[in-house]
Every structure is written in structure tokens, then in C-alpha cells.
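Okay, here's what each chain looks like letter by letter:
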Amino acid sequence: VFLSDQLKQRVIPVLDDLTDNERISRLEDIYPRVRLDSKLVLKFLINRDFTQTNRWTKACIIYQIGLLKINDFEMDLIAHLFNPDDLVSEISAWSLHQLSPEAYQENTRRLGVAKKRKLDYSIIQKEGKEMLFERIHFLSKIELFQEVPGIVLSYIADISDEIVVKEGEVIVLDDQQNDYFYLVVSGNLELFKGGELMAFYGEGQFIGEMIVKEGFANFNRARTTRDSLLMKFDKNQFYELLSDHVKLADQFIAYI
């Protein structure tokens, strides 16, 4: 096979027994690479669509921008305030507040009164529910979710809600009366079966399905011994996630 000199420059480095660095060096004049510094890498990552990255990767990068207070990204963060994904929008608001509280106040007003109030409670006043990013970070520390990818944990956070349960309150866990799974964020619960104390749940422990025979009522009950914060998950949505993500299903089966 005869090759022109132009083709030889392209083909021979690929076919020759060369190291990767040598191959790159020979091809670089023909296929020059874009030189990116660390800031340009971040900019490309946070502005790529979800066919090239995922929401969790993007959220982690935006969090890092706020943590390091990289002011070059202020306009990118303002743009992402209007991202339809709540996780990306919320963490962008947090990062913008780390860079410039004034820019945060000015631009979050454009989101509407209800959304701004929600962001203010979680970011500034810390009186509202935790941000989705914080929930995902908490879930990643739980034994049940060890080694589950962050993107999957972000879907779990989407179907979660937080509830405050006062000391002495009782939650009925029977499958016919309860549509949720629970995770103890802080505080503790005592589990009673038929009036007998059977277990004690502390921070980070997951409370799953409690099935009872037909004809029984209020057989499985949980009572708080002090004010507690729980994360709850809709059962049907949780089972849908299990059916879509094998790793999560394996972890769940092993846990129970």
C-alpha cells in the first residue's frame, strides 16, 4: 500500500510501536490540542449539557467554585440560577452568595418571591430545609448508600422531604397506613411492635417496610425520645429507583 507523505504523517504514528507521549508529540502539529488551564476546564464542565456530563458532577463543580470563591465565574453562576434543575439552581445560588452577597440578593429577586424566600431560609438564615446538595452529601455517608454513585443519590434526594418530629410523637409504620420510608438525620426513634419495644434507631439509620397481617392496626409504631429530624422517601418512587439502578438495589437488599 502506497501512502502520500501527508497520510504517512497521520497514519504511521498510529501504527508504530510508540509510547503514548511519543505518539501525541508526532501528531500534535497536525491535530493541535486546545490548551486549558484549571479555570477553563471548570468553565467547560459547568456549561456542558447533560448529554456530556451529569447534574451531580456539575453541582460539585459549582460548589467548589463557591468554596474557593473564584470570582471569574460570577456570570456563569447567575446564569445557572435559572437552570430548570433544582439541584443546579440551588447550589448556584449558594456559590453566588459566597462570591458576592450583593449579587446574590440582586439576582435571586428575579426568581420570584417564593423561590427567593426558600433560598434565603436555607442559604442565609439556615432555618429552612437543607439544600439538596447537603442532603446528597449526608446520604453518601450512610451505610445503606455506600458506593452508590452520586448521580443516583441525587435522584434519591429529589424524592426526599424533611420532617421535624417533636419529642414523644408517634409515627405509625404499618404498610397499609404509611407511604414512606424514613431515615434519621438527627435525634432517635424507638420501634414498638405490638406494644413491645423491639429496636432503637439513631442518626443515619434507615427504617424500611413494616408489613403486618390483615386485621392488625397500629402494630408497628415509632416514638421519638427527643426532638428529631427525619428524612422521608415516598415508597413507590423509591421502588422505581431500585428498579432502574442495579447497584442501589443490590445495596438495599444487602442492607435489609
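Residues numbered from 1 in each chain as written. Predicted model: local features only at pLDDT ≥ 70, side-chain atom pairs only at ≥ 80, totals over all residues. Heavy atoms only, no water.

## Thoughts on the side chain of N188
Along the polypeptide, N188 turns up in the loop between strand 3 (180-186) and strand 4 (189-193). Apart from the residues lying within four places of it in its own chain, the contact partners of N188 are F200, Y201, G202, R223, T224, T225, R226 and S228. (Helix = DSSP H or I, 4+ residues; strand = E, 2+ residues; numbered from the N terminus. Contact = heavy atoms within 4.5 Å.)

## Considerations on the sheet that holds strand 2 (residues 170-172)
Ordered by their spatial adjacency, 4 strands build an open sheet running 2-7-4-5, and the pairing between neighbours is antiparallel. Looking at the sheet topology across the chains shown, the edges are occupied by strand 2 and strand 5 (196-201). Strand-to-strand twist of the sheet, defined as the mean angle between neighbouring strand axes without regard to direction, takes the value 25 degrees. With 5 bridges joining them, strand 4 and strand 7 (residues 220-224) adopt antiparallel strand pairing. The residue of strand 7 that forms the bridge with E190 is R223. (Pairing = 2+ DSSP bridges. Axes fitted to C-alpha atoms, helices over the stretch in contact; angles between N-to-C directions.)

## Structural notes on the packing of helix 6 (residues 86-99) against helix 8 (residues 113-125)
A pair of packed helices is characterised by two quantities: the angle between their axes and the separation of those axes. Two numbers describe how helix 6 lies on helix 8: the axes approach to 11 Å, and their chain directions differ by 60 degrees. Taken together, the axes of helix 6 and helix 8 are oblique relative to one another. The handedness of the crossing between helix 6 and helix 8 is right-handed. Taking contact as the criterion, the partners of D86, S89, E90, A93, W94 and H97 in helix 6 are, on helix 8, K115, L119, S122, I123 and I124. (Parallel < 35°, antiparallel > 145°, perpendicular 65-115°, else oblique. Left-handed = near helix turned anticlockwise from the far one by under 90°.)

## Examining the nonpolar core
General note: in soluble globular proteins, nonpolar side chains tend to be found buried as a group. Core analysis: the largest hydrophobic core is formed by 53 residues, its most contacted members being L139, F145, I156, F233 and F238. Among the elements that take part in this core, helix 6 stands out by supplying 7 residues, more than any other. Those residues in contact with L139, other than ones at most four positions away along the chain, are F145, L153, I156, A157, L183, M231 and F233. Ranked by size, the runner-up nonpolar core spans 12 residues in total, among them L173, Y182, L191 and A222. (Core = buried A, V, L, I, M, F, W, Y, C linked by side-chain atoms within 4.5 Å. Buried < 20%, exposed > 50% of the residue type's maximum accessible area, 1.4 Å probe, protein only.)

## What to know about the packing of aromatic side chains
Taken as a whole and assessed by the stated rule, the structure comprises 12 aromatic pairs. For the ring pair F206 and F233, a centre distance of 6.1 Å and an interplane angle of 35 degrees mean the geometry is tilted. Highlighted residues: F206 in strand 6 (residues 206-207) and F233 in strand 8 (residues 228-234), separated in sequence by 27 residues. The burial state of F206 is the same as that of F233; both residues are buried. Here a set of aromatic residues connected by ring pairs shows up, and it is made of F181, F206, F233, F238, Y239 and F252. Stacked on the ring of Y180, the Lys or Arg K232 has its end atom at 4.2 Å from the ring centre. (Phe/Tyr/Trp six-rings, centres within 6.5 Å; stacked < 30°, edge-to-face > 60°. Lys NZ or Arg CZ within 6 Å of the ring centre and 35° of its normal.)

## So, the sheet that holds strand 3
The strands making up a sheet are joined through hydrogen bonds of the backbone, oriented either antiparallel or parallel. Across the sheet, which stays open at both edges, the 4 strands sit in the order 1-8-3-6 with antiparallel pairing between neighbours. For this open sheet the edge positions go to strand 1 (160-165) and strand 6, each flanked by a neighbour on one side alone. Bridging between strand 1 and strand 8 involves 6 bridges; their strand directions are antiparallel. Opposite D161, over in strand 8, you have K232 as the bridge partner. Taken strand by strand, helix 11 (residues 235-244) contacts strand 3, strand 6 and strand 8, and its axis lies near 65 degrees from that of strand 8.

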